[in-house]
Amino acid sequence: APLYPANGASRVMRLKDAPKRELYPGFSPSVLTLGGAPLGGIDTSEAQAILRVAAESGITLVDTSSAYGASESVIGEAPVEMSVATKFGNPCALNGHTHDYSAAHCTAALYASLEALRGKPLACLQLHSPPEAPSPLNDPALVDLLHSLQAAGKFGAWGASVHTANGGMVALAA
């Protein structure tokens, strides 16, 4: 049946029985993820309703960033069970509105995100739109830090959110 039937009635798609995809051992989120960018810039009650409907529909992962305004805090305050993928390094208030992929900023951004998320599980920490050259993924201090924070259980996986196929190839080669 179509999601939006011709008679104007709507029906919510249910994903609870949809296949899941394993991102790493022990974590298999829904095949659809909620994009959290708008959540930090809209009315909180509307954002909470979006998160509630997403969770009720079977979406188990929301993607956000420290650069998306209050999105992380809105997600953290939501009374829903949902894991989070967040990003750091893109310009935002936390880094003085500059690109910053340093190990020091990674640490500060991670702990700010964890505080804002209020205990929601952090499935993935990603570099947000890192440059292709020089790639911060070739910085041993950053890579070592990411490995140690992952081993300490701060997040399940780490990677990069990129805008181009070449950016993806650079990330995969790092």
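Above: the structure in question.
Now for a description of the structure that goes with this document. What you see is a predicted model; the values in this text were computed from it and never measured.

**Details of the overall build of the protein chain**
Summing up its helical and strand segments, the protein chain has five helices and five strands in all. N-terminal to C-terminal, the α/β element order of the protein chain is β-α-β-α-β-α-β-α-β-α. Within the protein chain, residue pairs in contact and separated by at least 24 positions form 61% of the contacts whose partners lie at least 6 positions apart. Accessible surface for the protein chain amounts to roughly 9100 Å². Of this, 58% is attributable to carbon and sulfur atoms.

**Brief notes about the side chain of threonine 86**
When you line up the elements, threonine 86 lands in strand S3 (residues 83-88). Its relative accessible area of 0% is what places threonine 86 among the buried residues. For threonine 86, the contacting residues outside a window of four places in its chain are Thr64, Ser65, Ser66, Glu72, Ser113, Leu122, Cys124, Leu125 and Gln126.

**Thoughts on helix H4 (residues 140-151)**
Spanning 12 residues, H4 covers 16 Å between terminal C-alpha atoms, matching the ideal 16 Å at 1.5 Å per step. Buried positions along H4 lie against S3, helix H3 (103-117), strand S4 (122-128) and strand S5 (157-161). Here H4 starts with a cap whose side-chain oxygen sits 3.0 Å from the backbone nitrogen of alanine 141, and that cap is aspartate 139. The positive-phi residue at the C-terminal boundary of H4 is glycine 153, with phi of around 85°.

**Details of the packing of aromatic side chains**
The full count for this structure, using the stated rule, is two aromatic pairs. Aromatic side chains tyrosine 24 and phenylalanine 27 sit 5.2 Å apart centroid to centroid with 25° between the ring planes, which places their arrangement in the stacked category. Since its relative accessible area comes to 11%, phenylalanine 27 is described here as buried.

**Notes on the nonpolar core**
Residues Leu39, Leu51, Val62 and Cys106 are the most contacted members of the largest nonpolar core, which totals 29 residues. Looking at this core, the elements with two or more residues in it are helix H1 (44-56), helix H2 (71-77), S3, H3, S4 and H4. Those residues in contact with leucine 39 that lie beyond four places of it in its chain are Leu34, Ala47, Ile50, Leu51, Val62, Ser71, Val74 and Ile75. Of all hydrophobic cores here, the second largest spans seven residues; its members include Ala85, Ala123, Cys124 and Ala157.

**Quick word on the sheet that holds S3**
With parallel pairing, five strands are arranged side by side in an open sheet as S1-S2-S3-S4-S5. Looking at the sheet topology across the chains shown, the edges are occupied by strand S1 (34-35) and S5. Where S3 lies against S4, five bridges are found, and the strand directions are parallel. Paired with valine 84 across the strands is leucine 122, a residue of S4.

About the cut-offs
- Residues numbered from 1 in each chain as written.
- Predicted model: local features only at pLDDT ≥ 70, side-chain atom pairs only at ≥ 80, totals over all residues.
- Heavy atoms only, no water.
- Helix = DSSP H or I, 4+ residues; strand = E, 2+ residues; numbered from the N terminus.
- Contact = heavy atoms within 4.5 Å.
- Areas by Shrake-Rupley, 256 points an atom, 1.4 Å probe, with all protein chains shown as cover.
- Buried < 20%, exposed > 50% of the residue type's maximum accessible area, 1.4 Å probe, protein only.
- Expected span 1.5 Å × (residues − 1).
- Polar contact = N/O pair within 3.5 Å; in protein donor to acceptor, adjacent residues only side chain to side chain.
- Phe/Tyr/Trp six-rings, centres within 6.5 Å; stacked < 30°, edge-to-face > 60°.
- Core = buried A, V, L, I, M, F, W, Y, C linked by side-chain atoms within 4.5 Å.
- Pairing = 2+ DSSP bridges.

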